[in-house]
Amino acid sequence: MTNPLFDALFAPHSGRDTVFLRHPGGGITTHSDFLNQAARLANALTSLGVRPGDRVAVHIQKSAAALALYAGCVQAGAVFLPLNTAYTAAELAYFVGDSGAALFVCDPEEAQDLTAIADANGCPLQTLAGDGSGTLADLAALQDPVFDTVARGEDDLAALLYTSGTTGRSKGAMLTHRNLLSNAQSLVEGWHFTADDVLLHALPIFHSHGLFVATNVMLLAGGAMIFLPRFDLDTVLAGLPEATAMMGVPTFYTRLLDDPRFDRALTRHMRVFISGSAPLLAETHERFQARTGHRILERYGMTETSMNTSNPYEGERRAGTVGFALPGVEVKVCDPETGATLPRGEIGVLEVRGPNVFKGYWRMPEKTAEELRADGYFITGDLAQIDADGYVCIVGRSKDLIISGGYNIYPKEIELFLDALDGVQESAVIGVPHPDFGESVVAVLVPQPGAALDLVRIKAAVDRDLARFKRPQRVEIVESLPRNAMGKVQKNQLRDRYRQIFQLAES
Ligand code: MLC
Ligand code: AMP
């Protein structure tokens, strides 16, 4: 039977007693233990009625068990749908409903709160904890550690990853076996990963970066991962001597640079540091080299496309750029109005095409048609320029998006939420520079005439319904929003007005 992703990433490790995961505190997970657990979970999923093509929504802590569930879903032909652990119940209700999930797996501690969501969607709820306990784990323990891998085609879905949208409604990006496998193959080759590598993994595994870039690459290369539950500076510093490679968002690297223990001696043995998900300031790049002697390898990607471009492993890693298109990927810079390709050196919207580009948005054909052209080019919404040597440089965004610590926040979603609150006439949500997160969220509120805004109640509503990373870090109250002649809110003016507030607060 063929199952492209399982056959390439997981099946080759069956029966291998090599180390796959090293856990803080000394424990390990071998490849064969991992594969056995994946097969048990695949049997458990099947016994719960999960069929090929069904979505399995997963809201659990980062752990070996969570990765085994990913593998089990792929083996059973199901579509893995990981959800940010920071999401609130209100946010989760949308994803479970929209995806039509056949199974919802959550942490045992939140089962009570999430039962209503599962029931409302006619979807069974199972639990799986980071320590490998929970109802799904109990069921898996009774199963055979062998599973007859379900056959899938290259164009079948392997994962559904939700990404927010400029309209405020999250869209499920449909990722196929071909999308994920082709990207992992390009990255292993391009970044020279082998079975000798040990990747320091401190990213979350519900996003493309931690799951597909980091984990798929290491599975394909056959190496090991130091698997940390989150980015904790001390634990990362302690793990570095055992690692050969690290992947992270820019905040990881600025936090490391802020610590004097992070120096040349600690990093001398490292093979590569890779950054992405948000712009790495050229200044961070230079400071990193001055401190460690290493030049960070910056790459560029998206949920919808996995990775598109990368600086070269060999050759110049140019600060402030995201390098060249990966093999098989085409990139072009286009006029935002006409879509015509612009001459080299001009700034326009970046479009990408290749085996990495997703199949479309789940049950949203109109949205898909707006962003994915009939000729296969995906309109990224990022503004780019290609320099004389062919290096792609991301210079801004045409989409209204904030990236905080590598997490995407769509202002429209927060604005719709704030506008619906008592006493709020309208709102504008902007991103402004933040020394730790790169950008951070500011909400500018206009009260209804005669209303006095109750900021305590507003905060309580925000805290209840919005994931932490989306919550405005500052709320400003103004009489009116700046608008142009067409009535459009001038967010640039607001960004200029509040540009300094986190800088001033931190200093
Ligand atoms: C945590 N908080 C954040 C935040 N992360 N707030 C804004 N932005 C973030 N990114 C909240 C916490 O809940 C807490 O809230 C407060 O901020 C301080 O937390 P902290 O201890 O400083 O945060 P920490 O847990 O250390 O997390 C920071 C981080 C983490 C940068 C390590 O956010 C992270 O791992 N980011 C990686 C995101 C990622 O993987 N992105 C890839 C997307 S895929 P309170 O209320 O308690 O103060 C993609 C494609 C591609 O984009 O190209 O890769
Ligand atoms: P996401 O939707 O979470 O997958 O985020 C994708 C977005 O992150 C892209 O469209 C870019 O705006 C941004 N991004 C990812 N990598 C980089 C990078 N190296 N430099 C600048 N922006 C990046």
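Residues numbered from 1 in each chain as written. Chains lettered and ligands numbered in written order. Predicted model: local features only at pLDDT ≥ 70, side-chain atom pairs only at ≥ 80, totals over all residues. Heavy atoms only, no water.

Our focus in this paragraph is the site of ligand 2. Close contacts around ligand 2 come from 16 residues, with Arg299, Thr303, Asp382, Lys399 and Asn408 the closest. The backbone of Arg299 places a nitrogen or oxygen atom 2.7 Å from a nitrogen atom of ligand 2. The contact in question runs from an oxygen atom of ligand 2 to an N or O atom on the side chain of Asn408, over 2.7 Å. It is strand β13 (residues 297-302) that contributes the most residues to the shell around ligand 2, five residues altogether. (Near = heavy atom within 4 Å. Polar contact = N/O pair within 3.5 Å; in protein donor to acceptor, adjacent residues only side chain to side chain. Helix = DSSP H or I, 4+ residues; strand = E, 2+ residues; numbered from the N terminus.)

This brings us to the domain arrangement of the protein. When the domains of the protein are assigned, the result is domain 1 (4-153), domain 2 (198-399) and domain 3 (401-506). One C-alpha centre belongs to domain 2, the other to domain 3; they are set 27 Å apart. Counting from both sides, the interface comprises 11 residues of domain 2 and, opposite them, 10 residues of domain 3. Between the two partners, domain 2 and domain 3, sit two salt bridges. The shortest N-O distance in the salt bridge between Asp436 and Arg255 comes to 2.6 Å. Applying the counting criterion to the domain 2 and domain 3 interface returns five residue pairs in polar contact (both at pLDDT 80 or more). Per-element tally for the side of domain 2 that touches domain 3: the top contributor is helix α10 (residues 250-257), with three residues. Among the residues making up the side of domain 2 that touches domain 3, the classes are represented as four nonpolar, four polar and three charged. (Domains from an automatic or database assignment. Contact = heavy atoms within 4.5 Å. Salt bridge = Lys/Arg side-chain N within 4 Å of Asp/Glu carboxyl O. Nonpolar A, V, L, I, M, F, W, Y, C, P; charged D, E, K, R; others polar.)

Right, let's get into the site of ligand 1. Ligand 1 sits among 22 residues. The nearest are Arg255, Ser277, Arg299, Ser404 and Gly406. A distance of 3.3 Å separates an oxygen atom of ligand 1 from a polar side-chain atom of Arg468. Coverage of ligand 1 by the protein chains reaches 75% of its 1,000 Å² of free accessible surface. Those elements that provide at least two residues to the shell around ligand 1 are α8 (208-221), α10 and β13. Residue composition of the shell around ligand 1, by class: nine nonpolar, nine polar and four charged. (Areas by Shrake-Rupley, 256 points an atom, 1.4 Å probe, with all protein chains shown as cover.)

In this section: a nonpolar patch on the surface. There is a patch of nonpolar side chains on the surface, built from Leu455, Val475 and Ile477 and spanning about 220 Å² of accessible area. In this structure, Leu455 sits in helix α15 (residues 455-465). Overall, the relative accessible area of 38% leaves Leu455 in the partly exposed class. (Patch = residues over 30% accessible without salt bridge, like charges linked within 9 Å, V, L, I, M, F, W, Y side chains within 5 Å. Buried < 20%, exposed > 50% of the residue type's maximum accessible area, 1.4 Å probe, protein only.)

Because an α-helix packs 3.6 residues into every turn, residues spaced three or four apart end up facing the same way. For helix α16 (residues 491-498), the full list of buried residues reads Lys491, Leu494 and Tyr498. Looking straight down α16, one finds its buried side chains confined to an arc of 60 degrees; they lie on one side. The outward face of α16, more than 90 degrees from its buried face, is lined by the exposed residues Asn492 and Asp496. (Arc of directions from axis to C-beta.)

On the secondary structure map, Arg55 appears in strand β3 (residues 55-59). Although Arg55 lies buried, it forms no salt bridge, and the closest oppositely charged side chain, Asp54, sits 4.5 Å away as judged by the N-O distance. Looking at Arg55, its side chain comes within polar contact range of the main-chain oxygen of Gly53, at 2.9 Å. Every residue in contact with Arg55, bar those within four places of it in the chain, is listed here: Val79, Leu81, Ser99, Gly100, Ala101, Ala102, Leu103, Leu160, Trp362 and Arg363. (Lys, Arg positive; Asp, Glu negative; His and termini not counted.)

The subject of this paragraph is the packing of aromatic side chains. Tallied over the entire structure, the rule returns 21 aromatic pairs. Ring plane angle 45 degrees and centroid distance 5.3 Å describe the contact between Tyr70 and Phe80, whose orientation is recorded as tilted. Residue Tyr70 is found in helix α3 (residues 64-75), and its partner Phe80 is found in strand β4 (residues 79-82); the two are separated by 10 residues along the sequence. Judged by its relative accessible area of 1%, Tyr70 falls in the buried class. Looking at Phe80, the relative accessible area reads 3%, which means it is buried. Ring-pair connections join several aromatic residues into one group, and the members of that group are Phe6, Phe10, Phe20, Phe34, Tyr70, Phe80 and Phe212. Over the ring of Phe227 we find Lys62; its NZ or CZ atom is 4.8 Å from the centre of that ring. (Phe/Tyr/Trp six-rings, centres within 6.5 Å; stacked < 30°, edge-to-face > 60°. Lys NZ or Arg CZ within 6 Å of the ring centre and 35° of its normal.)

Look at α3: 16 Å from first C-alpha to last across 12 residues, which is about the 16 Å you get at 1.5 Å a residue. Most of α3 sits out of view: 12 of its 12 residues are buried. Within α3 the residues assigned to the buried category are Ala64, Ala65, Ala66, Leu67, Ala68, Leu69, Tyr70, Ala71, Gly72, Cys73, Val74 and Gln75. (Expected span 1.5 Å × (residues − 1).)

In helix packing, the relevant descriptors are the interaxial angle and the interaxial distance, both defined with respect to the helix axes. Packing of α10 against helix α12 (residues 282-292) leaves a shortest axis separation of 11 Å and a crossing angle of 45 degrees. Comparing the axis directions of α10 and α12 gives the class oblique. The crossing of α10 and α12 is left-handed. The residues of α12 that touch α10, namely those facing Tyr253, Thr254, Leu256 and Leu257, are Thr284, Arg287, Phe288 and Arg291. (Axes fitted to C-alpha atoms, helices over the stretch in contact; angles between N-to-C directions. Parallel < 35°, antiparallel > 145°, perpendicular 65-115°, else oblique. Left-handed = near helix turned anticlockwise from the far one by under 90°.)

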